[in-house]
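Architecture at a glance
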Amino acid sequence: MKKIENYIAKNINEYNDLYSKSINHPENFWSEIASTFSWRNKWTKTLEYDFNKPEFKWFLNGKLNITENCLDRHLEENPNKTAILFEPNDPNKETQKISYKDLHQRVCVFANVLKSKNVEKGDRVCIYMPMVPELTIAVLACARIGAVHSVVFAGFSSTALAARIKDSECKILLTADGSFRGSKVIDLKSIVDEALLECDSIESTIVFKRTGSNVKMNNNETWWHNEIEDVSDYCEAEEMDSEDMLFILYTSGSTGKPKGMVHSCGGYMVYSTYTFLNVFQYQSNDIYWCTADIGWITGHSYIVYGPLLAGATSVMFEGVPSYPDYSRFWNIVEKHKITHFYTAPTAIRALAKHSVSLVESNDLSSLKVLGTVGEPINEEAWNWYDKNIGKSKCPIVDTWWQTETGGIMLTSLAGVTKDKPTFATKPMIGIQPVLLDKDGKEILGYDKEGILAIKYPWPSIARTIYGNHQRYKNVYFTAYPGYYFPGDGALTDSEGNFRITGRVDDVVIVSGHNLGTAPIEDAINLHENVVESAVVGYPHEIKGNALRAFVILLDEAVIVDMEKEIKEQISKTIGPIAKPDIIQIVPGLPKIRSGKIMRRILRKIASGEKENFGDISTLLNPEIVKQILIKA
Ligand code: WT7
C-alpha cells in the first residue's frame, strides 16, 4: 500500500500533475489518498453528492476511528516522538512535551472518564477550556468514543456559551477553573456557572484545575484530576462510519443565531491531513506552530487533527503575543527551534508596530515556512513578515478557507508553488474555484473579479448546520445553484492567482474573528434605552476591520454612560471581541421604503467618506445622512 508521502507535491510539475488528476478523476484520486489511512472497513463508494439537496457523502460505508489514525497508528514507528509541545502563558513555567505514547494513554484514560459519565456515541460534549494540553485530550477523548465535540472558544461570554450548549443539547461540559491570558486571570468557572443556569441538557461538568482560583463546585460538578485517578488507560476506539458526525463548531452568520457547522469523520480526516502535508511541506523532524486557539477551526484542523494525523510535533501556546512583552512569539520560535509558523494577519500587523529589535534579539534561523490565515493580508504586513521574520528566505502560505470548508482551499504550497503578496494564489489540489457574476454565470479567463464559488465537492465540506438543514441550503447553496457559495469576493491576476477581496455579506472579519453584524445589533437592542441600531465594519490599520455602531436611543436625556453600557451589553451577550470601536448615537438611520437600513451608506460614513453616497433618492429619510455626518 502506498504512503501519503507519495501524493505530496514536491515541485511545481507534481502539483500540476496531482491537480489535474484530482480534477479529472476526483473519485479515483481521493480514493487513493484515503487508502493511505487506517480503516476498519474500506468504503464501498467514494462520493455521492447533490448540490441542490444539498448532500455530500464521502467514502461511503467506510469504517474508522480518527483517533486510531492520530494516535495508535504512530505508536509502532514513533511512540516517543513529541506530539504536543506545550508552551505555557508564563515563560518561567515549564514547557511540556507529550509524546504520542503519552497522549494515547491520556486520551484513553479520559475517554474512559467520559464513558463513566454515560457519554455514548453521538452524544454532544461541550468543551470550554483554555489552551492547555487537556483541551486536545478532551477533543480526542470524545472522538475515541464517538461522542461529538463542540468546542466553544473560551473568550465567549456566558450567554454565547449557553446558546451553543442549548443549540446542540450537550450532555456534558468540560471546562476549567480559570485561564491565564497574559497578566490576566479569567474566571472561566463563574462564566460557566452563569451559563448553566439556563442549560437543562448538561448532566455533569468536569473542571480542570488550571489557575487554582477559588471556585464553587455545584452538584454533578467534579474535578478533572479526581476523575482520572485509577482509571484504565485501555480504551477500545468506537467504530465510526465515515459519515458519522465528528464535531460541531459554531461560526457567526450574517443573521440570526450562530451556525453549528457539522463535520464528519472520514472526509475531514483525509482532507485535513492531505492539506497539512501539502501546504506546509512538513518533514519528520520539523516543529510546527500554529498560534490559533482550538476554539476556532484553524485550531481544530491545524493544531489538533491535521498535524497529529500526519504524526507531526504540534505546538500549543497558552498565552498571548504581548506577554510578557511583544517579543514573546519570537522567544518561542528561538526556544523551540520552530520550523513552521502559522498566524493571522492581525497578529502580524500588531507585532509590526513594535521595534524590530524585539525580533532581532532572537535567533529565528530555524524557520522554514510561514503562514497566514483568517483575513486578507495587506502588502505592508506581508512584506514585514517576509523580511523580518522569514529573512526573505521562507515561503509564505496565505491560506484561504473557512469553518465550513474544514480545510485550506486556496493557497500556495510552501516552496513548491509561487507565493505572491496579498494573493492566496492557487487552488489546493482537489479544489475547483470559479468566479461568478451577479447572475451566477461563470466568468471565464483570468484577470477578472467576481463572487467566489466552488463547483465540485471536496472531502471536508461541512455536511449541514446542526439542527437546521434548511438554513444550510439557504446560506450556501441557494444564491448560486450548483455551487458552494462561501460569501467572499475574489479577483484573479493574469496568471490565475486568486486574491480574496473580502466578504460580500454582512459578516465583518475583525482581527481575524468572523463576526455577524446582526447578532451584535441584537445585543445592543437588548438595552432598554435603545430603539434601534446598525453595525457596520470599516477598514482598520491593525484589526483589518473594526466595527462602528449607529444607535438610536429612546431617550437621549437619560443620564448614563450609554457607550459603556452598550459595550458591556455586547460583552455579556457575545464576548469582548464583538465590541465596536465607535458607538455613535444618531437621531435616525437611513432607510429605504421597505424599512430596510441602507448599510452601504453607513459603511461609507464609517470609512470616513463625507459626500459621495451615490444615489440616495430611494431613501425614506435622505436628510438623516447629513445629521449623522454632523456628529460623525
Ligand atoms: C472567512 C472565514 C479559516 C480559518 C479562519 C477563519 C476570511 C480566511 C483568509 C485569507 C482572506 C480570509 C474569509 C472567509 N478568510 N482566510 N487567507 N485571505 N480572507 O475561519 O471564522 O470561518 O472565517 O475568513 O472571509 O470567508 P472563519
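Above this note sits the structure.
Read on for an overview of the structure. Source: prediction; values computed, not measured. (Residues numbered from 1 in each chain as written. Predicted model: local features only at pLDDT ≥ 70, side-chain atom pairs only at ≥ 80, totals over all residues. Heavy atoms only, no water.)

So, the overall build of the protein
Quick reminder of the rule: Per the convention used, a helix needs a DSSP run of H or I reaching at least four residues, while a strand needs a run of E reaching at least two, with both numbered from the N terminus. Restricting the calculation to C-alpha atoms gives the radius of gyration, and the globule rule supplies 2.2 Å times the number of residues raised to the power 0.38. Note on exposure labels: buried denotes an accessible area under 20% of the residue type's maximum, exposed denotes more than 50%, and partly exposed covers the range between, all computed with a 1.4 Å probe on protein chains only. Should any heavy atoms of two residues lie within 4.5 Å, those residues are counted as being in contact. The protein chains shown are the only cover counted for residues, whose accessible areas, like all others here, come from Shrake-Rupley with a 1.4 Å probe.
The number of helices and strands found in the protein is 19 helices and 32 strands. A globule of 632 residues ought to have a C-alpha radius of gyration of about 26 Å, and the protein, at 24 Å, matches this closely. C-alpha extents for the protein along the principal axes are approximately 75 × 60 × 55 Å. In the protein, which comprises 632 residues, the proportion classed as buried is 59%. Residue pairs at least 24 apart in sequence account for 71% of intrachain contacts in the protein once pairs closer than 6 positions are excluded. Of the roughly 25,000 Å² that the protein leaves accessible, carbon and sulfur atoms contribute 47%.

Some thoughts on the nonpolar core
To be explicit about the condition: Nonpolar core, defined: a set of buried Ala, Val, Leu, Ile, Met, Phe, Trp, Tyr and Cys residues in which side-chain atoms within 4.5 Å join the residues together.
By size, the foremost hydrophobic cluster in this structure holds 155 residues, and its most contacted members are Leu103, Ile127, Leu174, Tyr274, Phe280 and Tyr305. A per-element tally of this core places helix H9 (residues 265-280) first, with 10 residues. Setting aside residues no more than four positions away along its own chain, Ile127 makes contact with Leu135, Ala138, Val139, Cys142, His149, Ser150, Val151, Val152 and Leu174. The next biggest cluster of nonpolar side chains, apart from the first, holds 25 residues, and it includes Trp289, Trp330, Ile348 and Leu367.

Remarks on the packing of H9 against helix H10 (residues 297-309)
Counted only if it meets this: Fitted lines through C-alpha atoms give the axes, limited to the stretch in contact for helices. The angle between two N-to-C directions lies from 0 to 180 degrees. We call two directions roughly parallel when the angle between them is under 35 degrees, roughly antiparallel when it is over 145, roughly perpendicular when it lies between 65 and 115, and oblique otherwise. Throughout, the ten residues Ala, Val, Leu, Ile, Met, Phe, Trp, Tyr, Cys and Pro are labelled nonpolar, Asp, Glu, Lys and Arg are labelled charged, and all others, Gly among them, are labelled polar.
The interhelical angle for the contact between H9 and H10, taken along N-to-C directions, is 90 degrees, at an axis separation of 8 Å. Between H9 and H10, the angle falls in the class roughly perpendicular. Each of Tyr268, Met269, Ser272, Thr273, Thr275, Phe276 and Phe280 in H9 lies in contact with H10, whose residues at this interface are His300, Ser301, Tyr302, Tyr305, Gly306, Pro307 and Leu309. Looking at the contact of H9 with H10, its residues break down into eight nonpolar, six polar and no charged.

Brief notes about the sheet that holds strand E27 (residues 498-503)
The line we're drawing: Pairs of strands are assigned from DSSP output, requiring at least two bridges between the strands.
Spatially, the four strands line up as an open sheet ordered E23-E24-E26-E27, and their pairing is antiparallel. Only two strands of the sheet have a single neighbouring strand rather than two, namely strand E23 (433-436) and E27. For this sheet the average axis-to-axis angle between neighbouring strands, irrespective of direction, equals 45 degrees. One ladder, built from five bridges, connects strand E26 (residues 488-492) with E27; its direction is antiparallel. The partner of Asp488 across the bridge, within E27, is Arg503.

Notes on the sheet that holds strand E12 (residues 221-223)
In spatial order, the strands read E12-E11-E8-E6-E7-E14-E15-E25; together these eight strands make up an open sheet with mixed pairing. In this open sheet, the two edge strands, each paired with only one partner strand, are E12 and strand E25 (464-465). Bridge count between strand E6 (residues 124-128) and strand E7 (residues 148-151): four bridges; the pairing is parallel. Looking across to E7, one finds that Ile127 is bridged to Val151. Together, strand E14 (245-251) and strand E15 (259-264) form the strand contacts of H9, whose direction differs from that of E15 by roughly 80 degrees.

Things to note about the site of the ligand
Our working definition: Only heavy atoms are used to decide nearness, and a residue is near a molecule or strand if one of them lies within 4 Å of it. What qualifies as a polar contact is a pair of N or O atoms within 3.5 Å, subject to a donor-acceptor requirement within protein and to the restriction that residues adjacent in sequence count only when both atoms come from side chains.
Taken together, 18 residues lie near the ligand, and Asp398, Thr399, Thr403, Asp488 and Arg503 sit nearest. Take Thr399: an N or O atom from its main chain is 2.8 Å from a nitrogen atom of the ligand. In the model, an oxygen atom of the ligand is placed 2.7 Å from a nitrogen or oxygen of the Arg503 side chain. Computed on the free molecule, the ligand has an accessible area of 550 Å², of which 95% lies beneath the protein chains in the complex. Of all the secondary-structure elements, those providing two or more residues to the shell around the ligand are H10, strand E20 (396-399) and E27. Looking at the shell around the ligand residue by residue, the classes come out as seven nonpolar, six polar and five charged.

Side note on the environment of Val270
Along the chain, Val270 falls in helix H9. Overall, Val270 belongs to the buried group, its relative accessible area being 0%. Considered as a pair, Val270 and Thr36 are 234 residues apart in the sequence and their alpha carbons are 9.0 Å apart. When near neighbours in sequence (up to four residues on either side) are disregarded, Val270 contacts Trp30, Ile33, Ala34, Phe37, Trp39 and Phe59.

Some words on the pattern of salt bridges
To be explicit about the condition: What makes a salt bridge here is a side-chain nitrogen of Lys or Arg within 4 Å of a carboxyl oxygen of Asp or Glu, nothing more.
Per the stated rule, a full pass over the model turns up 37 salt bridges. For Arg328, the salt bridge goes to Glu87, with nearest N and O atoms at 2.7 Å. Residue Arg328 is located in helix H11 (residues 328-336), and its partner Glu87 is located in strand E4 (residues 82-87); the two are separated by 241 residues in the primary sequence. Here Arg328 matches Glu87 in class, with each residue buried. Note that Lys166 and Glu198 form a salt bridge whose closest N and O atoms lie 2.8 Å from each other. One end of the pair, Lys166, is in helix H6 (residues 158-167); the other, Glu198, is in the loop between helix H7 (188-196) and strand E11 (204-208), with 32 residues separating them in the sequence. For Glu198, a relative accessible area of 37% gives the class partly exposed. Salt bridges sharing common partners tie together Arg40, Glu68, Glu236 and Glu239.

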